[in-house]
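# Examination of the molecular architecture
Single-letter residue listing:
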Amino acid sequence: MGDPIQLKDEGNKHFQAGDIDKAIECYTNAIKVCKDKKVLAVIHRNRSACYLKKENYANAASDASKAIDVDAADIKALYRRCQALEKLGKLDMAFKDVQRCATIEPKNKTFLETLRRLGAEIQAKLKTTFSTDSRVQNMFDILLDEEMEKDKKEKAANNLIVLSREDAGADRIFQNNGVPLLLNMIETGKPEMILSAVRTLSGMCTGHKARAMAIIHMVGIDKMCSIMAVDNEELALATCNFFQCVNDSLTGGDKREYGKEEALVLDAAKDLKTILLSLLEMAASKKVSGHGRDQALNLLSKNVPRKEKREQDNSRTLFTIDHGLKKILKVCGQVPELPDQLPLTENTQLIASVLLNRLYDDLKCDPERDNYRDICDEYIKSKIDPNDMDKTLHAINTISGLLQGPFDVGNALVGHQGIMEMMVALCGSEREVDQMVAVEALIHSSTKMSRATFIITNGVSLLKDIYKKTKNEKIKIRALVGLCKLGSAGGDDYSLRQFAEGSTEKLAKQCRKWLCNPQIDSKTRKWAIEGLAYLTNDADVKDDFVEDEPALKAMFELAKSTDKTIIYAVACTLVNCTNCYDKKEIIPEMVQLAKFSKQHVPEQHPKDKKDFIERRVKRLLKAGVTSALTVMVKADNSILTDQTKEMLSRVFLALSDDARDRGTIVAQGGGKALIPLALEGTDTGKVRASHALAKIAAISNPEIAFPGERVYEVVRPLVSLLHTDRDGMQNYEALRGLTNLAGYSEKLRVKIVKEKALSDIENYMFEEHDQIRQAAVECMCNLVTCKEVQERYLEDGNDKLKLLVLLCGEDDENVQVAAAGALAMLTAVQKKLCTKMTCVTSQWLEILQRLCLHTNLKIQHRGLVIVYNMLNSDDNELAKKLIECEILEILTVIGKAEDNPKRQEPIDVARTCLVKAMDLGLIKPFASPS
């Protein structure tokens, strides 16, 4: 292994050279072979210094202690342990160590200063601790006092919640018997007291694994589940947040280094498993309210599937499928109109469908998917009973839920022998509830074109009969939606209309009529929007709908309501009305070939042309579509799926196409609403939202469009559009948006640099496309005031400055203005660049003269400023070279010109240059003959 003394000396050399890792390696090897206690103490002391440098304070303190064990008066080891303990927050122990150092060397200024500082910090901490402890106790006294005034109780509750969100405050509450006192608040049974207690517990569990585990053991998972089960939306939401905080802390939200204590808090798997099983139990329990069930499903949806598909471990999903898939299917199969059903909200079954879809998407291989399908198949078969119509209805409704979630699984079940026939038979039942469930199932199962064709031949007459005969509006509207969906099976292909001319318009008119009828309940009116979501594939229907302002406003009001299951249908309708779905490019040659081979050729409706689309967009904006979209974006993620986010992003992009409309979008909160869409969702959705953000950022005041700290969140989506796989328009709009942001504040410029946008912007300065090159140069012009950007231009070994100088000689005046502006600012703040500029290209003087003689006053002004910066650069040789060439003549001609308000800026700068040249002694003032 080697000689310990030699290894120690090598470690010392590495430490002095700044190679701390190598030093630690040498000291560690020396410790392994060293037998001499005194030498070992020195090595431990030296390694302690290394750990201090590496900010590994626990190891630094440990090594210093080993040195002190050998020599209690080792002053270096004592001081190093003091430094480490201070960083670990153990101020009292650090104080004792530095006190011993000061006793050994009483005149050492460093020890005396550290002693004074630590003493002051300990006093301040004690003061805070005692005041916090008394405040905590006082708050609990107020909250648990039956006779205390209500407003004082509210204030104490809010203060407790705020205190729990700070780590030190949460610690004081925990240490001061806080959890049992919070349990006392829960036991009062008063909703406002329980709410305060749950929110305080959430704060205490955030980001602290050990405390979170202690709290769930003290309070009990069953207790928290029973609170979430209560029929109180606010309480259910607060308890859901508590479980989320616990989950985050136990699965990586806590970044602390626990050292030896880690063994005590390491294994959270058992608690996480218990929480998961409790939530699955809640999903299918009759004792749980609709709101509680929603939040239990939300928690499962958020925390069970993998966050990233790159992660290998999907064991939580497999466990959930094995222990809870049937429970989730039970929720999907509930028919609220039948007796003895689970309590539900209007959102519950859609949340369950979304969860089913996320679980299925998280499976990695065919055997896992086969197991999922087998469980679903077994469940459906167990529920179908010819002698019990209610059980059969449950099975059909479960299939509806699967069709809205993992469609392939639901579609396979519909294809099983007898299922479709059963749906058709139920449509003819005398019981209204049978008809309603069957019609809904038919609607969901006709998503595939082949299935729709089957139903068109078998079910259209049935749906028409139900529509004509039934007096129940709920069934009537569902039958109508079924007809709407079948009528739109050809999509926007004008030549594939399923029904006779005018039929779809009649169906749409009836849907709009129901939509505008406030007497009908919102759940039934929702189906009218479902119908329009299908029918608006037809351009005639789109045009009629956007002209019907009351119908538009009724749809937007429903979109803002508490029933969030409507969002998808509204988003589909808006995508259709704005034509922002993906369209296949029709190549004329391929059309001719298809006709020749007698293949089907899609046809565009005359009203799907650009001018009609623009008119529809204007009508939607006038009716208040932006405010509806901003509300929809705020919906919970369990309802607002990635597909829905993508559709909303598409609509926003279509609305922001005309620059004149962007002010309206900003005024109604569209700028803020786009940020979450640009950061989360499908890749396509994020790109569309980022593009819409870029369009808004390019021409809006950032302070108004993205108020507060939100403006900094806009940078990353815009930078993502600079990637080479984005199209030219996206690159251009992103550069314009970044240019506007870069001109707004230094903080934003720094943010753009931190997002690593500079290299992309520089690449686009070489772009052949004139407008993209211009946008990139303008963006760089606004960024050059940033210190980090200036340093890049000062670095040797790159052509950044050369490119900027050459761009000043371009024919494009807009590029010249931006490039000359950037060069003028750079040479003003970095005098070294004035000299460097003359070395990067031999054309610099010719380009500078062209700038100073330019007919565009903006360019001329910038050129003259560059000349002044060079004269003022402390490089006398450079100044002399400038004055000896034609530049002096140019300055003289411009400077001698009469004052002219239109040309005053260049004239003033030329005169300043001449004065500077005189100050440098390069020219003499003109003296008139006597």
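Everything here concerns the structure above.
Read on for an overview of the structure. (Residues numbered from 1 in each chain as written. Predicted model: local features only at pLDDT ≥ 70, side-chain atom pairs only at ≥ 80, totals over all residues. Heavy atoms only, no water.)

## Examining the side chain of H394
- The residue H394 is located in helix α21 (residues 389-404) in this model.
- Take H394: its relative accessible area is 11%, and that puts it in the buried class.
- Within the structure, H394 has its side chain in polar contact with the side chain of Y379 (distance 2.7 Å).
- Not counting chain neighbours up to four residues away, the residues in contact with H394 comprise L329, K330, G333, Q334, Y379 and K383. (Helix = DSSP H or I, 4+ residues; strand = E, 2+ residues; numbered from the N terminus. Buried < 20%, exposed > 50% of the residue type's maximum accessible area, 1.4 Å probe, protein only. Polar contact = N/O pair within 3.5 Å; in protein donor to acceptor, adjacent residues only side chain to side chain. Contact = heavy atoms within 4.5 Å.)

## Looking at the pattern of salt bridges
- A complete count under the given rule lists 44 salt bridges for this structure.
- The shortest N-O distance in the salt bridge between K223 and E187 comes to 2.8 Å. Of this pair, K223 sits in helix α13 (residues 221-228) while E187 is found in helix α10 (residues 178-187), placing the two residues 36 residues apart along the sequence.
- For K223, a relative accessible area of 26% gives the class partly exposed.
- Between E762 and K800 there is a salt bridge, with the nearest N and O atoms lying 3.0 Å from each other. With E762 in helix α45 (residues 758-764) and K800 in helix α48 (residues 800-807), the pair connects residues that are 38 residues apart, well separated along the chain.
- Overlapping salt bridges, with partners in common, bring together K618, D658, R660 and D661 in one network. (Salt bridge = Lys/Arg side-chain N within 4 Å of Asp/Glu carboxyl O.)

## Quick look at unusual backbone geometry
- For N579, which is not glycine, the phi dihedral falls at a positive 50°.
- Relative accessible area serves as the criterion here: at 5%, N579 is assigned to the buried category.
- We note that K756 has phi near 60°; this positive angle belongs to a residue other than glycine.
- As for its position among the elements, K756 is in the loop between α44 (746-754) and α45.

## Remarks on the state of the cysteines
- Summed over all chains, the structure comprises zero disulfides.
- There is no disulfide at C245, and the cysteine sulfur nearest it, in C205, is 7.2 Å away.
- Taking relative accessible area as the criterion, C245 reaches 13% and is therefore assigned buried. (Disulfide = S-S within 2.5 Å.)

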